[in-house]
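# Notes for the structure review
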Amino acid sequence: ASFQSIRRAGLLFMGTVAVGGVLHAVVGLSTTYSLTFVMMLLVGLHAGVFANLNMTLVQAHTPQHLMGRVMAIYTLCLAGGLPLGGLIAGVMSDLTGAPQWYSINGVVMCVAGSVAMITQRSLREMGSTPEG
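My aim in this report is to walk through the structure given alongside it, one point at a time. Just so you know, these numbers come straight off a predicted model, no measurement behind them.

## Thoughts on the overall build of the protein chain
- Of regular secondary structure, the protein chain possesses five helices and zero strands.
- In the protein chain, the succession of α and β elements from N to C terminus is α-α-α-α-α.
- If one aligns the C-alpha atoms of the protein chain with their principal axes, the spans along those axes are about 45 × 30 × 30 Å.
- Counting over 132 residues, the protein chain shows a buried share of 27%.

Below, the structure written as structure tokens:
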């Protein structure tokens, strides 16, 4: 919150997706309470950075005349995607086991962030403000 702008916020954003995936995979594979506690603390801190950076990028790079529409679609995807994701997670957890499914999702998240980091040059170079 104290930074005026972040020059390559898009790269940081994709990095948080990849790192978050690793954190989630470790939580799913953890067999000790102390490791799970530490990882969940890191997941919570990561989620705060991710959510704030995500919203900053969306709002900073949306033209003002489209802001209402974009935020409506964003909210629809978030509000509609969570229950659907929960349903899928429940079914898949029954099939694979909850810790394994959680870890699989972490790996997929890490791969998605890494692939985006490699292939999406314009997002890599996106700043936290429209000017850069």
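## Brief notes about the packing of helix H1 (residues 9-29) against helix H4 (residues 98-119)
- For the pair H1 and H4, interaxial distance at closest approach is 7 Å and the crossing angle is 160°. Relative to H4, the element H1 is oriented roughly antiparallel. Note on packing geometry: the crossing formed by H1 with H4 is left-handed.
- A class-by-class count of the residues in the contact of H1 with H4 yields 15 nonpolar, nine polar and no charged.

## Quick look at the nonpolar core
- Ala 9, Phe 13, Met 14, Val 17, Leu 53 and Leu 57 together form the largest nonpolar core, which totals six residues.
- Of all elements in the fold, only H1 and helix H2 (33-60) reach the threshold of two or more residues within this core.
- At four residues, the largest contribution of residues to this core is made by H1.
- Not counting residues within four places of it along the chain, the set of residues in contact with Val 17 comprises His 46, Phe 50, Met 109, Cys 110 and Gly 113.

## Some points on the pattern of salt bridges
- Across all of its chains, the model carries one salt bridge by this definition.
- A salt bridge links Arg 121 to Glu 125; the shortest N-O distance between them is 2.9 Å.
- With a relative accessible area of 43%, Glu 125 lands in the partly exposed category.

## Describing the packing of H2 against helix H3 (residues 67-96)
- The geometry of H2 relative to H3 is characterised by a closest axis approach of 10 Å and an angle of 145° between their N-to-C directions. Touching Asn 54, Met 55, Val 58 and Gln 59 of H2 are Met 67, Val 70, Met 71 and Tyr 74, all from H3.

## Re the side chain of His 46
- Note on placement: His 46 falls in helix H2.
- For His 46, a relative accessible area of 11% puts it in the buried group.
- For His 46, the residues in contact, after removing those within four places along its chain, are Thr 16, Val 17, Gly 20, Leu 23 and Met 109.

## A closer look at the side chain of Ser 103
- Residue position: Ser 103 is located in helix H4.
- Polar side-chain contacts of Ser 103 include one of 3.0 Å to the backbone oxygen of Ala 25.
- At 3.2 Å, the side chain of Ser 103 and the backbone nitrogen of Leu 29 are in polar contact.

## Topic: H1
- In this model H1 runs 30 Å from its N-terminal to its C-terminal C-alpha over 21 residues, within 8% of the 30 Å that 1.5 Å per residue would give.
- Most of H1 is tucked away: 15 of the 21 residues are buried.

## Points about the environment of Gly 44
- With respect to the helices and strands, Gly 44 occurs in helix H2.
- A residue is classified by how much of its surface remains accessible, and Gly 44, at 41% relative accessible area, is partly exposed.

Conventions and cut-offs
- Residues numbered from 1 in each chain as written.
- Predicted model: local features only at pLDDT ≥ 70, side-chain atom pairs only at ≥ 80, totals over all residues.
- Heavy atoms only, no water.
- Helix = DSSP H or I, 4+ residues; strand = E, 2+ residues; numbered from the N terminus.
- Buried < 20%, exposed > 50% of the residue type's maximum accessible area, 1.4 Å probe, protein only.
- Axes fitted to C-alpha atoms, helices over the stretch in contact; angles between N-to-C directions.
- Parallel < 35°, antiparallel > 145°, perpendicular 65-115°, else oblique.
- Left-handed = near helix turned anticlockwise from the far one by under 90°.
- Nonpolar A, V, L, I, M, F, W, Y, C, P; charged D, E, K, R; others polar.
- Core = buried A, V, L, I, M, F, W, Y, C linked by side-chain atoms within 4.5 Å.
- Contact = heavy atoms within 4.5 Å.
- Salt bridge = Lys/Arg side-chain N within 4 Å of Asp/Glu carboxyl O.
- Polar contact = N/O pair within 3.5 Å; in protein donor to acceptor, adjacent residues only side chain to side chain.
- Expected span 1.5 Å × (residues − 1).

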